[in-house]
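The chain contents come next:
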Amino acid sequence: MTFDDLIPAWNSSRNAPDPTQLERYKAGIAAYLGKEYRDFLVHISMAVGLTLFLAGGFVQYVRSGGAFDASKEWGSLVFLLLPIAVAAWFVRGFVKHRQAHPRYDLSIKDGLRALIDQNRLSRARLRLSMGVLTGAMTLLPLITYQLQLVGKQRPHEAVSMLAVFGVAYLVSMTWQIGKYRRLLPEKARLEALLASYE
Amino acid sequence: MMNSTEQQAIFDGWLRDHAAILHHVANGFATGADRHDLMQELMLALWRAVPAFRSASRASTFIFRVTHNAALTWKRAERGYRRRLDSFQELQPSEISTDDASSASSTDSLELLYGAIRRLEPLDRSLVLLQLDGVSYAQIAEIHGLSESNVGVRLNRLKQKLTTIIQEKAP
């Protein structure tokens, strides 16, 4: 038996999709897309809400005459500005990636090259995020020190703040390291796939 | 900017006319429960690709490229995989049913062919599936970003390789 002998089986009606099952797949896709859309809205609302709450709250505090001396409390300002700087860097990376692969959809090979670059960009984003997070954590003792100097924080509040941020740091770092490690085999797989085109 | 009604209409039309492409790719790249996961992945990829479709190009070529690309880069993510399997629990696996002797023989041949294809490297699988679906060398070259002569050489070699695998597996 050869490959050509099996071609009639390929062209037979047995090799056609089951319409009933196809409808079930479609229903599954609709449910999946609906959930994905709701999850997207929740994540965006949380990110925007938290940013507005922190930055907006700070601005409102200063505008309503709250005491703030930038020369003595600059640590808090840096802490607030760090996420904005990181977000700006993310956007810059995304724009550069899109410019480098304007026609990633021309062929599967072009798409693979774009995916490999996207994988590199994702890893660079995670490295930056972990670095900035670690930088922010090292800044935290200075912030609590400054806040205590100007009388805005008591020692036991500083301890609570350090504990909460410390736990958040550990959780976030664990998650990001896990994500970074999952990207490495993916990079190897995509590169091997691209190499098979040569 | 395409609205979701237009996107849905195009997607439904493509599924109506070209569902076989997805069926072949899913069977050529996965077996058993994984096939459901891949089939859903292919449909999601197609849905998301609808706005990028330029009507100047042929829909079938576009669908081949999107689905084969999705299959080549598909990886089973355990959590997503479990979740999707749960949502498809009620589905019967679409193993081809065997009602009578002639169709049973056809089914065996199909299983033999799919089994042989799945033993190939991912890119080779894709090339063979495209050829079986009647796609010309020029179109395959365009879809994959290869030269036409390279496609021809590869497919000739793959036919021989598949025959060897089939002869090993055939009862």
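Here the structure is shown first, and the text comes after it.
Since this is a predicted model, take the numbers as computed values, not measurements.

What counts, and at which threshold
Residues numbered from 1 in each chain as written. Chains lettered and ligands numbered in written order. Predicted model: local features only at pLDDT ≥ 70, side-chain atom pairs only at ≥ 80, totals over all residues. Heavy atoms only, no water. Helix = DSSP H or I, 4+ residues; strand = E, 2+ residues; numbered from the N terminus. Rg over C-alpha atoms; globule rule 2.2 N^0.38 Å. Buried < 20%, exposed > 50% of the residue type's maximum accessible area, 1.4 Å probe, protein only. Contact = heavy atoms within 4.5 Å. Areas by Shrake-Rupley, 256 points an atom, 1.4 Å probe, with all protein chains shown as cover. Lys, Arg positive; Asp, Glu negative; His and termini not counted. Charge placed at Lys NZ, Arg CZ, Asp CG, Glu CD. Expected span 1.5 Å × (residues − 1). Buried area = accessible area lost by both parts, 1.4 Å probe. Salt bridge = Lys/Arg side-chain N within 4 Å of Asp/Glu carboxyl O. Polar contact = N/O pair within 3.5 Å; in protein donor to acceptor, adjacent residues only side chain to side chain. Nonpolar A, V, L, I, M, F, W, Y, C, P; charged D, E, K, R; others polar.

(A) Looking closely at the overall build of chain A. Scanning chain A from terminus to terminus reveals 5 helices and 0 strands. Its helices and strands in sequence order give chain A the pattern α-α-α-α-α, from N to C terminus. Rg of the C-alpha trace for chain A: 26 Å, well past the compact-globule value of 16 Å for 198 residues, more than 25% over. Considering only C-alpha atoms, chain A reaches an extent of 85 × 40 × 30 Å along its principal axes. Out of the 198 residues belonging to chain A, those deemed buried represent 29%. The contacts of chain A with a sequence gap of at least 6 include a subset with a gap of at least 24, amounting to 70%. Total accessible area computed for chain A in this model is approximately 12,400 Å², and 68% of it derives from carbon and sulfur atoms. Measuring between centres, the 24 positive side-chain charges of chain A sit 8 Å from its 15 negative side-chain charges.

(B) Broad picture of the overall build of chain B. Along chain B, the regular secondary structure elements total 8 helices and 0 strands. Along chain B, from the amino end to the carboxyl end, the secondary structure elements read α-α-α-α-α-α-α-α. Taking the contacts inside chain B whose residues are at least 6 apart along the sequence as the reference set, 68% of them involve residues at least 24 apart. Surface summary for chain B: the accessible area is close to 8,000 Å², and the carbon and sulfur share equals 48%.

(C) Focus on helix H2 (residues 32–49) of chain B. Over its 18 residues, H2 of chain B runs 26 Å from end to end, which matches the ideal 26 Å to within 8%, given 1.5 Å per residue. Of all 18 residues making up H2 of chain B, 13 are buried, and the element is well covered by its neighbours.

(D) Quick peek at helix H8 (residues 148–169) of chain B. Across its 22 residues, H8 of chain B extends 31 Å between first and last C-alpha, which sits within 8% of the 32 Å expected from 1.5 Å per residue. Every buried residue of H8 of chain B is listed here: Val151, Gly152, Arg154, Leu155, Leu158, Leu162, Thr163, Ile165 and Ile166 of chain B.

(E) Layout of the interface of chain A and chain B. Across the contact, 39 residues belong to chain A and 59 residues belong to chain B. Regarding the contact of chain A and chain B, the summed buried area is about 4,400 Å², with carbon and sulfur atoms giving 64% of it. Ranking the residues of chain A by area buried against chain B places Phe3, Trp10 and Arg14 of chain A at the top, with a combined share of 21%. At the junction of chain A and chain B, the tally comes to 4 salt bridges. Arg48 of chain B is the partner of Glu36 of chain A in a salt bridge, and the nearest nitrogen-oxygen pair spans 2.3 Å. Applying the counting criterion to the chain A and chain B interface returns 16 residue pairs in polar contact (both at pLDDT 80 or more). Every element with two or more residues in the side of chain A that touches chain B is listed here: helix H1 (7–10), helix H2 (19–63), helix H4 (108–149) and helix H5 (155–195) of chain A. By residue number, the principal contributor to the side of chain A that touches chain B is H2 of chain A, which donates 10 residues. Class assignment of the residues belonging to the side of chain A that touches chain B gives a composition of 20 nonpolar, 8 polar and 11 charged.

(F) Main features of the environment of Tyr137 of chain B. Residue and element names in this part refer to chain B. Along the chain, Tyr137 falls in helix H7 (residues 137–144). We classify Tyr137 as partly exposed; its relative accessible area is 30%. With 11 residues separating them in the primary sequence, Tyr137 and Glu148 have C-alpha atoms 5.8 Å apart. Beyond its immediate stretch of four places on either side in the chain, Tyr137 contacts Gln131, Glu148, Val151, Gly152 and Leu155.

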